[in-house]
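# A closer look at the structure
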Amino acid sequence: MAFGKFLTKRLLQGAIVIWGVVTVTFGLRAASPGDPVNLIVDPATSPEIREQIREDLGLNEPIYVQYIEYLRDLLVGDFGYSYQSSRDVAALVIERIPATLELALAATVVAIVIAIPLGVISGTRRNEPADYGATLFSLVGISTPNFWLGIMLILVLAVQFGIFPTGQRPVALHDALWTFATTLHAGELLTWVRHITLPAIALGTYFTALITRLTRSGMVDELGKPYVTATEAKGLPEVLIRYKHVLRNTMIPIVTVLGLQLGTLIGGAVITETVFAWPGLGLRLINSIYALDWPLIQGILIFIGVGFVLINIVVDSLYAYLNPRVIEE
Amino acid sequence: MISDRLRSSLKREFRGSLLAKLGLVLAVIIVLMAVFAPVLATHHPGATGQFDENGNSYPPWGVSHDTHMWEEGEEGMERVSYTIEPSAEHYLGTNNIGQDVYSRVLFGARTSLLVGLIGTGIATLVGVPYGLISGYYGGRIDDSLMRAADVMLAFPSLVLAIALIGVFGAGTQLIPDPIVMAGFAEGMPENAVLPGTVTLVVALVNWVWFARVARGEAISIRSEEYVKAARSIGASNTTILTKHVLPNSLTPIIVLATIQVAAIILLESSLSYLGFSGTTLSWGYEIQQGQDYLATAWWIATIPGIAILLAVVSINLLGDWLRDSLDPNIGGEGGV
């Protein structure tokens, strides 16, 4: 019962924050200098047509009427049409989601696969060369701007040695997987892997470094606890102790911090997509801001903001479900 | 303000840590680079080594936005490159329009440090009172203040910053440079450039981390005995907040501020890489410019990146040292 109450409260809070997100996106456009009509038509267009466009967009209404109509449109799922391409904003947002998800997932996979073993080794062999190496790596990793790392990867692995392409996404993961499943030809899948490798490393390095750090300090804390001595006394193999018992207890703070860092992941994806011309939501956001394509900017910002709020609610609820003490606070 | 126990803990950690010393040395070098950029530079950061028919530098010195040069070619206007390899004249080579990379990296340090330090300062001044009030009063006040903060947190810093600068444009302010004014650096720019809009925006997207940390501190401090005692002798809320709650929550705020300088320097470099900083004298901008010339001039994009890396490493090392000495549990986007 307590959990139901917690969830209701959390959903209500989420609704208020989403209203705030929507209001911010409206406020940004309302506060921006410049006449949106100039962004849609040639400045030399006749005053009659300009007036017609203002009327169609509702720009002649008082600001509070515009705000209410904006909210009403959003409630029925009407995000408007792009100034540049005249296409439906919702479609423009949705078609770019898979590319960004692929990138974020690939970066997370890179991070977890490298960081967890590295952190465990570093934490269990303190002050040995492996530990120094891992510590140095994580220090440099959290301090490197990801866009510069991406460019350096392009410089060395793409331009100098030609091992990987410099960017772009010739094939979508789901299409490559479909081809593989139906024809057993792995060519498209390999193309996808070749193209996503450098962007995933560029985006994932910060998180690899961060998780290595967290795993190391978590291991160090946990290894000092009495239950470890007890399992050792029982004669359990060291590998089992480290990876099954100690690592599991270390995971809770790691998951918590990663939840907090979701913003860094999305922000990082925006700039990584720019470096590698990866056709995701971030690249579209940057281009829509260069062009001041308001409906599109608003649509992408709302999608990111609302997605963020919803993911946080899911994470919090999972956390509260697994760990009922959280609800008491 | 710093107790003796704290001071001795800071000293002990510093002596024992090679990394803390390295961080301090690097930080001092970068600050000196930024302050004495006009003296250390070998070329005017805008000078291209190209001149028009009247003998004036071309394109005009300063913070011009089109930093590619164009010439009439066989198929209309073509982009040309005046890149010079690293040499005795140009220690780190020149960029595509012939500007000295070494000198520009020195001046770029100013942009990074100004935005990092002033941005963190503003974020602290806004976020700390906000969080203290929210945590101290609790209840409805806390609820509404924290919902507003949640709205800020719903957008990744970089995304919100891009949107704000994209909308309002990136303004810059010129600050007269005392070293050049005093005549110590002939022929160098008379003004330092402060990217004002960027500084405000990075503060605006990062104050919320200070609010969260300050709020957490205020919540735990408000139930301490000495606060109850102060209240019982009739101290006002303002007095309790400024005399008791604020001083006792400074430790984690200082550590957070250190880490945030690094996070903001990274954020500024990302913004200028995307062309939103308003000045071309910025490490991130230099990297963006060099990306088109990777095959022929690797140094344009490589060198400024190393500068960012060293600056952020040094601040993170100082942050680790402070955290190990003071040991609060805090984090924040862009730095843990």
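What counts and how
Residues numbered from 1 in each chain as written. Chains lettered and ligands numbered in written order. Predicted model: local features only at pLDDT ≥ 70, side-chain atom pairs only at ≥ 80, totals over all residues. Heavy atoms only, no water. Helix = DSSP H or I, 4+ residues; strand = E, 2+ residues; numbered from the N terminus. Buried < 20%, exposed > 50% of the residue type's maximum accessible area, 1.4 Å probe, protein only. Contact = heavy atoms within 4.5 Å. Areas by Shrake-Rupley, 256 points an atom, 1.4 Å probe, with all protein chains shown as cover. Lys, Arg positive; Asp, Glu negative; His and termini not counted. Charge placed at Lys NZ, Arg CZ, Asp CG, Glu CD. Patch = residues over 30% accessible without salt bridge, like charges linked within 9 Å, V, L, I, M, F, W, Y side chains within 5 Å. Salt bridge = Lys/Arg side-chain N within 4 Å of Asp/Glu carboxyl O. Buried area = accessible area lost by both parts, 1.4 Å probe. Polar contact = N/O pair within 3.5 Å; in protein donor to acceptor, adjacent residues only side chain to side chain. 1 Å grid on protein atoms, 1.4 Å probe; cavity = no way out; pocket = protein on both sides within 12 Å on 5 of 7 lines; lining within 4 Å. Points joined across faces, edges and corners; volume = space filled by probe spheres on them. Nonpolar A, V, L, I, M, F, W, Y, C, P; charged D, E, K, R; others polar. pLDDT = per-residue confidence, 0-100. Phe/Tyr/Trp six-rings, centres within 6.5 Å; stacked < 30°, edge-to-face > 60°.

### Concerning the overall build of chain A
Scanning chain A from N- to C-terminus turns up 16 helices and zero strands. Over its C-alpha atoms, taken along the principal directions, chain A stretches across nearly 85 × 60 × 40 Å. A burial count over chain A gives 44% of its 329 residues as buried. Put simply, 74% of the contacts in chain A that link residues at least 6 apart link residues at least 24 apart. On chain A, roughly 16700 Å² of surface is accessible, and the fraction owed to carbon and sulfur atoms is 67%. In chain A, 22 side chains carry a positive charge and 26 a negative one; their mean positions are 13 Å apart.

### Examining a nonpolar patch on the surface
All names here are of chain B. A contiguous nonpolar surface patch, about 760 Å² in accessible area, is contributed by L24, V28, V31, L32, V35, F36, V39, L40 and F184. Looking at the nonpolar patch, the elements that each hand over two or more residues are α2 (18–35) and α3 (37–40). Tallying contributions element by element places α2 first for the nonpolar patch, with five residues. Summarising the element assignment, F36 is placed in the loop between α2 and α3. Under the relative-accessibility criterion, F36 is labelled partly exposed at 37%.

### Re the interface of chain A and chain B
Of the residues lining the interface, 50 residues belong to chain A; the matching set on chain B comes to 45 residues. Note on chain A versus chain B: buried area summed over both sides is about 4000 Å², and carbon and sulfur give 78% of it. For the interface between chain A and chain B, the tally reads one salt bridge. Residue R213 of chain A is joined to D320 of chain B by a salt bridge in which the shortest nitrogen-to-oxygen separation is 2.5 Å. Viewed at the interface, chain B and chain A are joined by six residue pairs in polar contact (both at pLDDT 80 or more). Elements supplying a minimum of two residues to the side of chain A that touches chain B: α1 (2–31), α7 (129–143), α8 (146–160), α10 (187–223), α12 (238–260), α13 (262–276), α14 (281–290) and α15 (294–322) of chain A.

### Looking at the layout of surface pockets
All names here are of chain A. Put simply, the second largest pocket is a space of about 870 Å³. Taken together, 32 residues form the lining of the second largest pocket, with A104, T108, L262, L265 and I311 sitting closest to its centre. At nine residues, the largest contribution of residues to the lining of the second largest pocket is made by helix α6 (residues 97–124). Counted by class, the lining of the second largest pocket contains 24 nonpolar, seven polar and one charged residues.

### With respect to the confidence of the model for chain B
Interpreting fine coordinate detail is not advised for predicted regions of low pLDDT. Residues and elements named next belong to chain B. Chain-level statistics for chain B give a pLDDT mean of 85 and a share of 90% at 70 or above. The secondary-structure element of chain B with the lowest mean pLDDT is strand β1 (residues 69–73), recorded at 69, while helix α4 (residues 101–137) shows the highest, at 95. Low confidence marks residues 61–65, where pLDDT is under 50. Its contacts with residues over four positions away, or in another chain, come to twelve contacts. Scored as a whole, the predicted complex attains pTM 0.90, and scored at its interfaces, ipTM 0.89.

### Remarks on the environment of D324 of chain B
Examined against the element boundaries, D324 of chain B turns out to sit in helix α13 (residues 299–326). Measuring from C-alpha to C-alpha, the distance between D324 of chain B and S282 of chain B comes to 32 Å, with 42 residues separating the pair along the chain.

### Regarding the packing of aromatic side chains
Any two aromatic rings considered together are summarised by their centre-to-centre distance and by the angle between their planes. Residues and elements named next belong to chain A. Evaluated as defined, the whole model comprises ten aromatic pairs over all chains. On the basis of an interplanar angle of 40° and a centroid distance of 5.3 Å, the ring pair of F26 and Y70 is categorised as tilted. Within this pair, whereas F26 is found in helix α1, its partner Y70 is found in helix α4 (residues 63–75), the two being separated by 44 residues in sequence. Y70 carries the same exposure label as F26, and that label is buried.

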